[in-house]
Each structure stands twice: as structure tokens, then as C-alpha cells.
Amino acid sequence: MHELVEFAVEKALELGAKYAEARFEEHSGVSIFMKNGNPEGLGIRADRGIGVRVLVNGGMGFASTNVLTKESVSEAVKKAVKLAKATSKVRNRPIEFSEERFHEVYYEVRMKKDFRDYSGEEKMEYLKLIEEEVLNSGVNVPMRFLSYQDWIAHKYFVNNEGAKVESVIPRVSITYNLVVFEEGQVEQAPFVKTAFTGGLELIEKAEPWKKALNDVKALHRLIKEGKKPPEGKVDVVISPEVAGIAVHESVGHPYEADRIFGREAAQAGESFVKPEMLGQKIGSEVVTVIEDPTIPNSWGFYLYDDEGVKARPRYLIKDGIITEFLMNREYAYYLGTHSNASARAINYDREPIVRMANTYLAPGDYSFEELIEDVKLGVYMVSFNEWNIDDRRYQQRYIGREAYLIENGEIKHPVRRPILEITTKGLWSSVDAVGKEVEFYPGTCGKGEPGQGVPVWMGGASARLRDVVLRR
Amino acid sequence: MFDVNELILKKAKEIGFGDVVVLSYETQRRQVRFANNEITVAKNWHYQKSVIFAEYEKRLVSTELTALDEKIIEETLKMLFKTAKAMEPKKDYYGIAEGPFEYKDIPETFDKAIVELDEPNEYVEIAINSALEEGAKRVAGVLYTDYNKLYLTTSNNVEAFDEGTGIEISVRAFVDDVASGHGTNSVRVLKKFDPESAGRKAGEIAKLAVNPEEGEAGKYDVIFDPLAFANLLSYMSFMASAFAVEAGFSFLVGKLGQKIASEGIVLKDVGNMPNAYGTRKFDDEGVPTQETTIIENGVLKTYLLNTSLARKYNTKTTANAGLTMPRAWNIYLEAGDYSKEELFSEVKRGIYITNVWYTRFQNYVAGDFSTIPRDGTFLIENGEIVKPIRNIRVSDNFQRILESIVALGKELYHIHWWEVRTPVFTPYVLVKDVGITKATK
């Protein structure tokens, strides 16, 4: 396999490519589904292939194949080169890549409990634990969709500038959708995921079955005791989960350089952020947002990106100031700088594009009690269901799933579906205090065409928003 | 690839599996992406794979094989069988369809000219230039050509083959940062391909959208462009699946036989429609695809079913397998009798929404959702577009939207793009009293 990847790069150069990279990926793993107590089936994933990306005359071509013979790879290389040549004619300026230092490196994430050593039935036990907790909770949960997934991503990346990066990364996750019906009312916790890079020991430590129990109890309490949230200008304390979705949507995405330069315009959209906004104020000085692929066992983990560039933490906002964009080599070149290793591809058949990894609101110095204690009237938003944001990443909305009234510094009864609909600048300028404790939540970030759902963590500390308009 | 299918089937039966489905694909797909009036990348994919679904005493397992030699096939099947034997049965599994079936050729689903098309970049240039001619400054989008071969073999006497092609383009045009428009065109035969219309529409809307004012929250009569309404209907494609209903991902839970849309609304899934991007001759069990009426005169008639789910509910399959998850092929909202002009003349004060994205649900079972207009959005007064507006959000309930449809255009548009993954046929749609919200800070 190593020879085939290296052959692809050499072949591309022979055919006239100025730049060539090839990436072998093999994904193998297991998916298990359970619906309303019935095992829906077990899927085995065994998927591998090679993708080749080239620059010829300033045009970019990409081709992939899952037929791993020299002939087939050679055919893919020819296609990539031919496509690049043809596209170079429909370009105003040639594509160039920034200069980077490359490495020959191998790395892997080790598992204490290696999921390859466990049977489907043993993995199903985790889902049954959720079933048990939920069914014994005394709450009516008639719809339960549960899934377990694991896979190992084995990659080997080579380019003609000296990069040879091989990695083995295991990923494991559990996801549930739970629908609570009580008193003719329905509340729902959909697509709640627990996910890591690493082994089963991480799932066992995180105990998603306990989280599921908490979720159904909270939804049950919401139905029984939930009241309307306050309306109008109040304070809102957002949990790490809500802070996570907010930094992902309104900080991570608009700082992706390919959006800023319009490459995603027809699909995932553009950005309100412009290159000249580096150094400008976007939030209050307690707001710092970090993007870091290198967090051990994180869902968005990697040490080298899919262009072979070494990863590091990236400060998107530091003390309220825009400090860095997420960049691959193409956009680093346009900005006259170096890539910060944000190029990711979800599989061998996808081009690497600018992506997030683990985005979080950096901790401040408030305890949770301090965040709450001088709120006269407000809402504590613990989790969310509906959320969305416009395609320039400016006008967004988050609707609380589990949320509580805060009155005179105390957390009171649950409130139903408080709606925070706010602009990006409005949101981050309203933060006057950030908590000390950081937590992360996994997600699948969608972008690219064809779509590339990449694993990401979102999170951070709790934060207090002063005087924001809440709706119901 | 029938030889591979037969080998897999034979080996699977020898090992001891009961129901077995082998669905093999050979795919050639080409993509040209463009932005800022130039091509950003061109791609080519070549896939060959066999999807195996197998049952052993109501235990279900599946996998995709990409390496197709005998040894790997045998090892994989043994591993699947070992896994299946150790699992618990799915109590509500009732088998797959009994073949053989007869298949009819569906017109306009295969075109040799697309297979032989050497170089599609000229179509990209046509789309870019037509958008620029309408006044756009920047144009972005994507073009695909597709050539797929499907080989299906099942343990219930099905052997079926289908071959299809397609070409499509999605074009988004910008006059400036906040004035944009979008157009698409998706067809199965080359002579019907019209990239110019997609570019022209994107350019026209973008030009109309210049200098938008802030929109205001409230209740408005909304005309949804086909591109926008297709996005909403594409969620129906998932929510109408009996699987989604059972798993709690649908507002259609418990509503069979009930009125869920306004009088006269007819919504179908049509798997065998000529020149439609989702069309196939047969579903994943080999049942010939068909026309299934999901909503008839506003009443929910059926969920989308495979054989097992149909038997569970004492009815017949709707030929929408997906073996674990039935799915729609082409969602089809029947046209009404309004011309576009007549539709606009119905609106005293309302909004014309040309596109939406990011539709998300607060609660799938309740159907509460919001979605964000993108591209040109316009205030209508007395039947006329008076000005472009921006920064609004549609915040409403799915069933209420369906129940509040008051008029439908008489022309249908075929929509398939990044945001509408299951193809949708829809006219312009006028909905009364749609909830509109906006950010306040």
C-alpha cells in the first residue's frame, strides 16, 4: 500500500504536475442500531481507497479509486492531471500553496480497551444499559433510537515536498434519540452523542446511560413543572454545551479562510469576516476562543492535517480580538502566511478542505455559583435542540431544551424552550463573565460538496450574557 | 458484476444465512466546483462495491465490500455470520420481497451522450456567463455528471440491473456580499440540460436583491420559490419513512388517516418518474419502483415502507426499501392552477423567499422548526415586489405550514442540490400567516 501511494505521487509528477499528493485511507469498524428495544442490525465497515490531488498549470484536480491496483491508481492519477489541466483554463490566477516544513512521521492513538477485541453483542450491552436506565426511570419514553459506532482510520499521506505522514486513529461513539410523552405532551432529546478518539474505556468512563437518564428526567420535569421563560431583556447563562455550539457556528465557521475567500459560496456559504478584520474587536475582553486539534482523546483529534502540516492550537479570538483564521495551504498563500493545519478530508475520496477540530470558549475565573449569584432575572440554558445560523454566520438562534429560570441569584423551575436569537457580535459583546470549568461535546460538522461530516468537539466554559433579548 | 453477486449469494446461503441481498454498484462520477467566476477544483470518482444485507433467524447484519476476490468474500461472510449468530433477534423483522419481478424501462434515465461526454467545463462557463450577463459580479457553484450501474441479486429470486446517467448544476450568483441568487438544473439526459437557465435565475435574483433593508418579525403570507419549498419537502422524504416515524424523528407519528395538510394537497413519492434524479427501476429488495401517494387531499395515506415494515403493519410495500430504513426516491408535490403572476397577485402584504437553508427542528415529533432564507428575499405589497429584505428567519410548525398552503403554481420544478438531497418536484407555493422572526441585537 505504501508503494502504491508513493507511486501515485511520482506518476503525477511524471505527467506534469507541479504539486502532487496521495492519501490512502482505510476505515474499518462496526455500527449497531437499536430502535425501541429491538436490535435493528449490525453493520460492518471495511472501506479503503486512494485519493490523489494535483496542481497543474495552476489548476486543481482530484481523483480517487477504491480499486487498489497499480493500473487503477495510475488511471486515477491520469484523470486528476487531465482535470487539473482543463480547469486551469477556467481560472483567473493560478492556485499556489504556502511553503511549509514537512515531516516523515507515524503516530497512533492507543486504546486501553481495544474495541476490536469485543463482539457485537458486547458492544450492544452499552445500548442495553441506556434502555435499562430509561425504562426504569418511571418516565414514559416510547421512542428510543440508539446507536453505537466504532472505526479505525488508518491513513498514509505523501506529497512531493517531503511529507510522509501515517496515522492510526480509533474513534468510538454512542448516540441516542429519546422521546418523552407525558400528559399529552412531547419533549425530545435527539442526536445526543458521546464520542472520543480512543477505546471503550472512554465510553465506560463517560457513562452515556447516566446522561440519558438525566435527559429523560429533565424532560419529564420540564413537562410537569415547566413554565414560560421570561421575555425581553434578561441575563442568560449558557452552559458549556450551548457555548460550544455558539463558538462552533459563530466563531469557527466564519473564520474558515475558504469561506472568507468565497470558495464555499454556493454550498456552506460565505462569512461576515473579511481578511482586513484581523485585529478587530468582535467580543468583550473576557472572550477567548481556541481551536485545538491536539487535545488527547478528543473527537476532532489529529496531529497532522490532510495536507501533511503539523497541528497546533489556534487562537481565533483572544481577549475579544480576532487573531487568526483557520487556513489550509491555498489560503495561507493568499494571506502571505503559513497554514495552521486546518485541512481535513473525511475519507480517501474527498479533497481536504478548511475545517474545525475542537473549538472551545476558553475558561475565565468565575465559579458557576458566581455566574448565577448576581443575576436578578434570567435563564440558565443547559442544552439546546433547534439551532441555526445564516450562511454569513451572523444571525443565529439557539432554543433551550433543558433550561431553568434564574431569579435573584438562584436557579428555580424549568422553563420551556427559551429562544435566543442574536447576532454574532451581539452575542460575544454581551459576555461579561466566563466560568472556570471546561467541558466538551461531540458533533459532526457538515461542509463541502459532496458533503464531508467531520468529527468535531465543541465546548468550553459556561458564560454569562448580560441584557440579551430572550423570546418564547 | 452479477458473477460477484452470485458468488456472494451462494457462499452466504452455504454458510447458513436466510434472507440475503447483494446490491453492487459501479459508479463514475465527475464534479467541477467553481467560485469567484473560476473553477476551484475538478474531481473524478470511480467506485466499485457490493453492499451485502443478510439475515440469520431474524438477526440482521450488513456490510459493504470493496475488495471483491473470493477469499475476502468468504472471510467477510464468515465474520458476518459469526456476528449474526451472537446477536439478539429483531423481533419485528418480517423478511424481504419474493421475486422474480418484471421491470419496465423508464424513459429518460440513461443517455450514452453523458457517458461519452469528454469535458463538461463549457457548461460551467455557460452558467457563469449567463449569471454575469444578468448583472452578477461573482458566481459560484458545482456541476456533476453521473454514470451508475446497479446490480441486484437476492435470495428471493431477484436478479435486476439498472443503468443511469445524470448531469446537473447548481449556481449561486452575487452582486455584493448581501445580494445573491441561486438557480439549479438537474436532468438525466444531456439534450435537456439547461445550465443557462440556472445561471440566469441566480443572476436575476441577485440583481433584484441589491440594497436589502432589515426585515421585520411578524406573520406574513409567504410565496416560497420552488428552491425554498423543496428544502422543506426534502424533510418529508425522511419523515415519511416508517423508520423515522418509529424512531421518533417525524411529526407524522400517529397521524395516518388524519388531515395534515390543506384541502387539495397531494404529495407523492415517485420512484419511476422519467428524467428525475432519484429514479430507479427497483428498490433495494428488487420491488419495481412505483408512484406512492403519501398525502391525498390533505390526508396522510401511508408511510414509506419496505416489505418487512409493510408486513408488520399488515399492508403492502411501497417499494421504498432501504432494508432497515425505507427512503423516498423523488418527492412530488402536485401542481395547482396559478400562474406565477396570479400567485403574486394573491398577496397583499407578504414575503417572497427564493431559497432557504439550515432547517432544524426543536422537536421532530411536534414538527416545530426554523429555517433561514438565503439569497434574495423580497417584501411583496399588493402583488408586487417592493424591496429586498434580509436577516429574517422562518419559525413555524411543519404541519401548520402544510395546512396553511392556499395556492400552488401550475408549473413544477425539479430541485436537487446540496441542501435538497432527495430530489423534489414542487411548484411555487403560497402559505398564509407564516411565522417570521429575526435577531434583536
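Overview of the structure. Here the residue index of a chain counts from 1 through its sequence in written order. Each chain gets a letter, beginning with A, and each ligand a number, beginning with 1, in the order they are written. For this predicted model, a pLDDT threshold of at least 70 governs which residues receive local features, and a threshold of 80 or more governs which side-chain atom pairs are given and counted, while totals over whole chains, interfaces and linings are taken from all residues. Side-chain figures throughout are based on the complete set of non-hydrogen atoms in the structure, without hydrogens or water.

Concerning the sheet that holds strand 21 (residues 420-426) of chain B
Residues and elements named next belong to chain B.
Consideration 1: Here we have 6 strands laid out as an open sheet, ordered 11-10-9-12-21-20, and mixed in their pairing. At either margin of the open sheet sits one strand with a lone partner, and together these are strand 11 (299-300) and strand 20 (413-417).
Consideration 2: The criterion for strand pairing is that DSSP finds at least two bridges linking the strands in question. In this text, helices come from DSSP runs of H or I with a minimum length of four residues, and strands from runs of E with a minimum of two, each type numbered from the N-terminal end. Summarising the sheet, strand 9 (residues 267-270) and strand 12 (residues 331-333) pair through 3 bridges and their orientation is antiparallel. In the strand pairing of strand 12, Lys 268 is matched with Tyr 332.
Consideration 3: Contacts from helix 6 (residues 226-239) reach strand 9, strand 10 (291-296), strand 12, strand 20 and strand 21 within the one sheet, and its direction differs from that of strand 21 by about 115°. Contacts between residues were defined by any pair of non-hydrogen atoms, one from each residue, lying within 4.5 Å. To get an axis, a line is fitted to the C-alpha atoms, and for a helix only the part in contact is used. The angle between two axes follows their N-to-C directions and goes from 0 to 180 degrees.

Focus on the side chain of B:Asp269
Residue and element names in this part refer to chain B.
Consideration 1: Relative to the helices and strands, Asp 269 is located in strand 9.
Consideration 2: Any residue under 20% of the maximum accessible area for its type is buried, any over 50% is exposed, and the rest in between are partly exposed; the area is computed with a 1.4 Å probe on protein chains only. Residues counted as positive are Lys and Arg, residues counted as negative are Asp and Glu, and His and the chain ends are not counted. By definition here, a salt bridge exists when the distance from a side-chain nitrogen of Lys or Arg to a carboxyl oxygen of Asp or Glu is within 4 Å. Despite being buried, Asp 269 has no salt bridge partner; Arg 327 is the closest side chain of opposite charge, sitting 8.6 Å away.
Consideration 3: At 2.8 Å, the side chain of Asp 269 and the side chain of Asn 320 are in polar contact.
Consideration 4: Side-chain atoms alone can form a polar contact between residues adjacent in sequence; in general such a contact is a pair of N or O atoms within 3.5 Å, and within protein one must be able to donate a hydrogen while the other accepts it. A distance of 3.0 Å separates a polar side-chain atom of Asp 269 from the backbone nitrogen of Asn 330.
Consideration 5: Sequence-distant contacts of Asp 269, defined by excluding residues within four places in its chain, comprise Gln 290, Glu 291, Thr 292, Ile 294, Leu 304, Asn 320, Ala 328, Trp 329, Asn 330 and Ile 331.

Remarks on the layout of surface pockets
Consideration 1: The pocket and cavity definitions rest on a 1 Å grid over protein atoms only: a 1.4 Å probe that fits but cannot leave marks a cavity, an open set with protein on both sides within 12 Å along at least five of seven lines marks a pocket, and residues lining either have an atom within 4 Å of a point. Grid points are joined across faces, edges and corners, and a volume is the space filled by probe spheres set on the points. Computed from the structure, the second largest pocket encloses a volume of approximately 770 Å³.
Consideration 2: Residue lining of the second largest pocket: 29 residues in total, with A:Ser28, A:Gly29, A:Ile44, A:Arg45 and B:Met79 positioned closest to the centre.
Consideration 3: Of all the secondary-structure elements, those providing two or more residues to the lining of the second largest pocket are strand 1 (19-35), strand 2 (38-56), helix 3 (120-135) and strand 5 (143-159) of chain A together with helix 2 (70-85) of chain B.
Consideration 4: In this classification, the charged set is Asp, Glu, Lys and Arg, the nonpolar set is Ala, Val, Leu, Ile, Met, Phe, Trp, Tyr, Cys and Pro, and all remaining amino acids, among them Gly, are polar. Tallied by class, residues from the lining of the second largest pocket come to 12 nonpolar, 8 polar and 9 charged.

A few points about the pairing of strand 24 (residues 463-471) of chain A
Residue and element names in this part refer to chain A.
Consideration 1: Bridging between strand 8 (residues 232-238) and strand 24 involves 6 bridges; their strand directions are antiparallel. Looking across to strand 24, one finds that Val 237 is bridged to Arg 464.
Consideration 2: Direction of pairing for strand 20 (residues 419-423) relative to strand 24: antiparallel, over a ladder of 2 bridges. When the sheet's bridge partners are listed, Leu 420 is paired in strand 24 with Leu 470.
Consideration 3: Bridge analysis of strand 21 (residues 431-434) against strand 24 gives 3 bridges, and the strand direction is antiparallel. Considered in strand 24, the bridge of Val 434 is made with Ala 463.

Points about the interface of chain A and chain B
Consideration 1: Residue-level contacts link 89 residues of chain A with 83 residues of chain B.
Consideration 2: Once two parts are put together, the accessible area they lose, assessed with a 1.4 Å probe and summed over both, is termed the buried area. Across the interface of chain A and chain B, roughly 7,600 Å² is buried in total on both sides, 48% from carbon and sulfur atoms.
Consideration 3: It is A:Ile44, A:Val90 and A:Glu449 in chain A that bury the most area against chain B; as a group they hold 9% of the surface buried on that side.
Consideration 4: Where chain A meets chain B, there are 14 salt bridges.
Consideration 5: Residues B:Arg33 and A:Glu351 are paired through a salt bridge, measuring 4.0 Å at the closest nitrogen-oxygen approach.

Details of unusual backbone geometry
Consideration 1: Following A:Glu449, the chain continues into A:Pro450 via a peptide bond in cis, with omega recorded as 0°.
Consideration 2: Within the secondary structure, A:Pro450 sits in the loop between strand 22 (439-445) and strand 23 (454-460).
Consideration 3: The amide bond that connects B:Ala321 to the next residue, B:Gly322, takes the cis arrangement and shows omega of 20°.
Consideration 4: As for its placement among the helices and strands, B:Gly322 is situated in the loop between helix 8 (307-312) and strand 12.
Consideration 5: Phi is positive for B:Asn211, close to 60°, though the residue is something other than glycine.
Consideration 6: Here B:Asn211 is to be found in the loop between helix 5 (195-208) and strand 7 (213-214).
Consideration 7: In this model, B:Asn382 sits at a positive phi of 45°, which is unusual for a non-glycine residue.

What about the packing of helix 3 of chain A against helix 5 (residues 208-225) of chain A?
Residue and element names in this part refer to chain A.
Consideration 1: Viewed as axis vectors pointing N to C, helix 3 and helix 5 meet at an angle of 30°, and their least axial separation amounts to 8 Å. Judged on the interaxial angle alone, helix 5 and helix 3 are roughly parallel. When you trace helix 3 past helix 5, the crossing you get is right-handed. Touching Tyr 126, Leu 129, Ile 130, Glu 133 and Val 134 of helix 3 are Trp 209, Ala 212, Leu 213 and Val 216, all from helix 5.
Consideration 2: Of the residues that constitute the contact of helix 3 with helix 5, the class distribution is 8 nonpolar, no polar and 1 charged. Roughly parallel means an angle under 35 degrees; roughly antiparallel means over 145; roughly perpendicular covers 65 to 115; every other angle is labelled oblique. Take the far helix as your reference; a near helix turned counterclockwise from it by less than a right angle gives a left-handed crossing, and one turned clockwise gives a right-handed crossing.

A closer look at the pattern of salt bridges
When the charged atoms of two side chains lie near each other, side chains of opposite charge can form a pair.
Consideration 1: Scanning all chains against the criterion turns up 80 salt bridges over all chains.
Consideration 2: Measuring nitrogen to oxygen at the nearest pair gives 2.8 Å for the salt bridge that ties A:Asp114 to A:Arg116.
Consideration 3: Overall, A:Asp114 belongs to the buried group, its relative accessible area being 16%.
Consideration 4: Through salt bridges with shared partners, a single network forms among A:Lys35, A:Glu40, B:Lys90, B:Asp92, B:Glu246 and B:Lys312.

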